[in-house]
Structures are given as structure tokens and as C-alpha cells.
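# Structural overview
Now for the letters of each chain:
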Amino acid sequence: MYLLYLDASGTPEIKDPNCSTYVLSGLCVHESVWPHLEQQVALLRNRYSLHNCSFELHAKDICAQLREQE
């Protein structure tokens, strides 16, 4: 079985004056890979002392350089 994660950012409305961008991205992994990915996320949480925090990974946080991350 494959697991699929999809995430969208922006608006798909072409004439939206507030947003000119729409991005749809996804990640598809085989179920056998998922435990390893989950372990890697746990290591990152521990590395940055986030082990008690619940958070989600978003494509914009991974793929774009944001002022908040500097």
C-alpha cells in the first residue's frame, strides 16, 4: 500500500486579487518506508527540543526560505 499526502497553498481562483499563486504538492511513500520517516521526524523534534510539541510539516516550510526561519 502507498500513503499519499497532499497539501495546497494559495487559491485556485484565477481572479483572486489577494493571491496570485496556487501550489499543490504531494508526497507518496510505500507503507514500509513510513516508520523510517516517522523516526526521522522524531529525531528532528528531539534535536530542536520539540518532543512535547505537536506540529505538522507543510511544503511551504520545507521548500521556501521564510523570514521566520532565519
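Just so we're clear, the structure is a prediction, and the values are computed from it rather than from any experiment.

The next subject is the overall build of the protein chain. Assigned secondary structure in the protein chain consists of two helices and two strands. In the protein chain, the succession of helices and strands from N to C terminus is β-β-α-α. When the 70 residues of the protein chain are sorted by exposure, 4% land in the buried category. Counting only contacts in the protein chain whose residues sit at least 6 apart along the sequence, the fraction spanning at least 24 positions is 36%. With an accessible surface of roughly 6400 Å², the protein chain has 56% of that area assigned to carbon and sulfur atoms.

Taken together, the side chains of L4, L6, Y22 and L24 present a nonpolar region at the surface, about 440 Å² in accessible area. Contributions of two or more residues to the nonpolar patch are made by strand 1 (2–10) and strand 2 (22–30). Mapped onto the elements, L6 comes out in strand 1. A relative accessible area of 53% places L6 in the exposed class.

A word on the environment of P12. Along the chain, P12 falls in the loop between strand 1 and strand 2. Relative accessible area serves as the criterion here: at 55%, P12 is assigned to the exposed category. Separated by eleven residues in the primary sequence, P12 and V23 place their C-alpha atoms 8.4 Å from one another.

Moving on to the environment of G10. For G10, the position within the fold is in strand 1. Sequence separation of G10 and L24 is 14 residues, and the distance between their C-alpha atoms is 8.8 Å. Each residue touching G10, except ones within four places of it in the same chain, is listed here: C19, T21 and Y22.

Conventions used here
- Residues numbered from 1 in each chain as written.
- Predicted model: local features only at pLDDT ≥ 70, side-chain atom pairs only at ≥ 80, totals over all residues.
- Heavy atoms only, no water.
- Helix = DSSP H or I, 4+ residues; strand = E, 2+ residues; numbered from the N terminus.
- Buried < 20%, exposed > 50% of the residue type's maximum accessible area, 1.4 Å probe, protein only.
- Contact = heavy atoms within 4.5 Å.
- Areas by Shrake-Rupley, 256 points an atom, 1.4 Å probe, with all protein chains shown as cover.
- Patch = residues over 30% accessible without salt bridge, like charges linked within 9 Å, V, L, I, M, F, W, Y side chains within 5 Å.
- Salt bridge = Lys/Arg side-chain N within 4 Å of Asp/Glu carboxyl O.

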